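Read off the chains here:
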Amino acid sequence: MTISLEGKTVLIIGGAKRIGRAIALECARSGANVAFTFHTSSDEAQSTLAELREIAPTGRFAAYPLNVTDSSEWQALAQHIEGEFGSLFGLVFCAAIFNRTPLATLSEADFDQHIAANLKGPFLGCQTFGSRLQERGSIVLFSDIYATRPLLNFIPYCTSKAGVEMLCKGFAKGLAPRHIRVNCIAPGAILPGEDDEVSAEELIARVPLGRLGGSEEAARTALFLLAGSNFLTGITIPLEGGQLLR
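Conventions used here
- Residues numbered from 1 in each chain as written.
- Predicted model: local features only at pLDDT ≥ 70, side-chain atom pairs only at ≥ 80, totals over all residues.
- Heavy atoms only, no water.
- Helix = DSSP H or I, 4+ residues; strand = E, 2+ residues; numbered from the N terminus.
- Buried < 20%, exposed > 50% of the residue type's maximum accessible area, 1.4 Å probe, protein only.
- Phe/Tyr/Trp six-rings, centres within 6.5 Å; stacked < 30°, edge-to-face > 60°.
- Pairing = 2+ DSSP bridges.
- Axes fitted to C-alpha atoms, helices over the stretch in contact; angles between N-to-C directions.
- Contact = heavy atoms within 4.5 Å.
- Right-handed = clockwise from strand over helix to strand, strands pointing away.

1. Description of the side chain of Ser160
Logical step 1: Relative to the assigned elements, Ser160 resides in helix α5 (residues 155-175).
Logical step 2: Take Ser160: its relative accessible area is 0%, and that puts it in the buried class.

Structure, rendered in structure tokens:
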């Protein structure tokens, strides 16, 4: 199935590197104009912009700094997007923090930090752009398979991702009258994080398909949710190679 985003604009929150970068590139290959945000990764943002322009020399691309926890910055971003791109078709939110927080040293600040970045951020994104998206537009959020199977040393992270799945359902129901779809991807063993408790080899041993997934697979799944189906909303797709079968 060929999925086209020709002439449409997609905004990717956290699009400078890793999975966000892969989604930006996949959207550009599908004909989309792409805007993306970054927080501290300004060098990576410039590199991603160069790659986008190489893929689609006539496309329109832009990168914006954003603190996802600041509502005033979201409003400023919306004005920039509307001024430079016009109406927005798709919003993809894949920015997150993933810090190890052992129970013995877990603090209120640890909890607040994860909830702010991983749950308040997507909330502000959906709140800001939900009413601005084109009718029949699409929002894609990112959860985690550990939203329902908690990791002991990552309680605030897992809690924040569980909230994202409910956020997805709530906004899917609220935006359905305008035919705007809101869906979620829950990656498993896609890209090992810096604070993962196990090695890549140990992760692979837990995956029935016998390998790690790649950022490109997450990007293709995001593209499908953006424009590959007009009758899916409020769902979470586990992208985990069968890990949940264990």
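2. Let's talk about the packing of aromatic side chains
Logical step 1: In total, this model carries five aromatic pairs according to the counting rule given.
Logical step 2: Arranged with centres 6.2 Å apart and planes meeting at 70°, the rings of Trp74 and Phe129 form a pair that is edge-to-face. Taken as a pair, Trp74 in helix α3 (residues 71-85) and Phe129 in helix α4 (residues 108-129) lie far apart in primary sequence, 55 residues in all. In this structure, Trp74 and Phe129 share a single accessibility class: buried.
Logical step 3: Where Phe123 meets Phe171, the ring centres are 6.2 Å apart and the plane angle is 55°; that geometry is what we call tilted. Remark: Phe171 occurs in helix α5 and Phe123 occurs in helix α4; sequence separation between them is 48 residues.

3. Section: unusual backbone geometry
Logical step 1: Backbone geometry places Arg18, a non-glycine residue, at a positive phi of 50°.
Logical step 2: By the secondary structure assignment, Arg18 is in helix α1 (residues 18-29).
Logical step 3: Positive phi values are uncommon outside glycine, yet His179 reaches one of about 60°.
Logical step 4: Within the fold, His179 resides in the loop between α5 and β6 (181-187).

4. Quick look at the sheet that holds strand β1 (residues 9-13)
Logical step 1: Taken in spatial order, the seven strands make up an open sheet running β3-β2-β1-β4-β5-β6-β7, and their pairing is parallel. Across the chains shown, the open sheet's two edge strands, defined by having one partner strand only, are β3 (61-65) and β7 (236-239). In this sheet, adjacent strand axes meet at a mean angle of 15° when their direction is disregarded.
Logical step 2: Packed on one face of the sheet, α3 meets β1, β2 (33-38), β3 and β4 (88-93) and runs near 165° to β3.
Logical step 3: Sheet strands in contact with helix α7 (residues 215-227) are β1, β4, β5 (133-142), β6 and β7, and its direction is about 165° off that of β6.

5. Some words on the pairing of β3
Logical step 1: Pairing geometry for β2 and β3, over five bridges, is parallel. Opposite Val34, over in β3, you have Phe61 as the bridge partner.
Logical step 2: For the handedness criterion, the β-α-β arrangement of β2, helix α2 (residues 42-55) and β3 is classed as right-handed.

6. Quick notes on the environment of Ala116
Logical step 1: Within the secondary structure, Ala116 sits in helix α4.
Logical step 2: You can call Ala116 partly exposed: its relative accessible area is 22%.
Logical step 3: Taking the C-alpha atoms as reference points, Ala116 and Ser30, separated by 86 residues in sequence, lie 32 Å from one another.
Logical step 4: Apart from the residues lying within four places of it in its own chain, the contact partners of Ala116 are Thr69 and Gly121.

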